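# Coordinates in review
So you can see what is in the structure, the chains are spelled out below.
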Amino acid sequence: MAILGAMHSLHARSEEITPMGVRIELQRHGRMASVGDDLLMTLGSTLGDTASASRRCRELAAARRLRAAAVASVGLVESGRMAEARETMQAAAMAPTGLDGNRSMSMREAMVAAVEAWQAIADGGASAGIRLRLGDVVDSALTGMPGDTIVVAARTGVGKSSLVDRALLLVAQDGVKCAKVSVEDGAEDFASKALSQLSGINTAVFWGATPGPSARDWEGVQRAAGENCDIPCRFTQIQSCALDGVLSQMAIDARAH
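Anyway, here's the lowdown on the structure attached to this text. (Residues numbered from 1 in each chain as written. Predicted model: local features only at pLDDT ≥ 70, side-chain atom pairs only at ≥ 80, totals over all residues. Heavy atoms only, no water.)

### Some details on the nonpolar core
Counted only if it meets this: Each nonpolar core is a collection of buried residues, namely Ala, Val, Leu, Ile, Met, Phe, Trp, Tyr and Cys, held together in the definition by side-chain atoms within 4.5 Å. Type-normalised accessible area, obtained with a 1.4 Å probe on protein chains alone, sets the label of each residue: buried when under 20%, exposed when over 50%, and partly exposed for intermediate values. Where helices and strands are cited, they refer to DSSP runs of H or I of at least four residues and of E of at least two residues respectively, numbered from the N terminus. In what follows, residue pairs with any heavy atoms lying within 4.5 Å of each other are defined as contacts.
Met 107, Met 111, Trp 118, Phe 190, Leu 195, Phe 206 and Cys 233 are the most contacted members of the largest nonpolar core, which has 27 residues in total. Looking at this core, the elements with two or more residues in it are helix H7 (107-122), helix H8 (160-173), helix H9 (187-199), helix H10 (215-228) and strand E3 (233-237). Ranked by residues supplied to this core, first place goes to H7 with 6 residues. Dropping the residues within four chain positions of it, Cys 233 is found in contact with Met 105, Ser 106, Met 107, Leu 168, Ala 172, Cys 178 and Phe 190. Core analysis: the second largest hydrophobic core is formed by 10 residues, Ala 2, Leu 4, Met 7 and Val 35 among them.

Laid out in structure tokens, this is it:
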């Protein structure tokens, strides 16, 4: 994590991220000795890409945690504490690492995912199981200043995600770059809500509702997609619900996009 911190410092000063730059930054903070030349050389091939380097740092950190757990388990086994050894390894194996191969998607890619899912249903494929309450979308947007944390709390199914999605879409339409990181909704769900707002069509009809979507519905959402697919809004679904995993993905999106 020392290398990742050095990279963040370079990026914050708008300096190029290179192996030499990271080395100098580590030396400046007195952390080069603890990192070592071997680790820095291993990362050398990825340091040109901030997102890739960040992922590599996290992979190495996860590997070190697993190794430490394995060493501790061996010690427990040798002392006859088998149950504790098993629990130690299970906890290490199940710990969220944020290394889920998350893929940040543009609005265009998310919209394509939604339309492909709808087309599969229209062609007789199985429904994805998504049932959106798009008729209950809250017709207001969040307001806040950069750096604010806004908590939206309510019971299930009343429109929390729809409210946040609407706010993101409005700021993206104003040209402000934004991104959503979700541990629950898929890209097609996110894009479906966006297309509903942009087209004025209740896209719940595309998810297997009766009656199904009309030709006019298809034309409406396709027109909305074509006119808005390049707005600066991205979406990432991650598998880990751990706070550090969510924050890590948010940091990656902020740096890379």
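### Some thoughts on the packing of H9 against H10
Here is the rule we go by: Axis lines are fitted to C-alpha atoms, over the contacting stretch for helices. Their N-to-C directions set the angle, which ranges from 0 to 180 degrees. Angles are sorted into four bins: roughly parallel if under 35 degrees, roughly antiparallel if over 145, roughly perpendicular if 65 to 115, and oblique for all others. Amino acid classes used here: Ala, Val, Leu, Ile, Met, Phe, Trp, Tyr, Cys and Pro are nonpolar; Asp, Glu, Lys and Arg are charged; the rest, including Gly, are polar.
Running from amino to carboxyl end, H9 crosses H10 at an angle of 100 degrees, the nearest separation of the two axes being 9 Å. On the basis of the axis angle, H9 is roughly perpendicular to H10. Within the contact between the two elements, H9 uses Leu 195, Leu 198 and Ser 199 and H10 uses Gly 220, Val 221, Ala 224, Ala 225 and Asn 228. Within the contact of H9 with H10, the residues separate by chemical class into 5 nonpolar, 3 polar and no charged.

### Notes on the environment of Gly 186
In this fold, Gly 186 is placed in the loop between strand E2 (178-182) and H9. Along the chain, Gly 186 and Gln 237 lie 51 residues apart, while their C-alpha atoms are 6.2 Å from each other. Among all residues touching Gly 186, those that are not within four sequence positions of it are Phe 235 and Gln 237.

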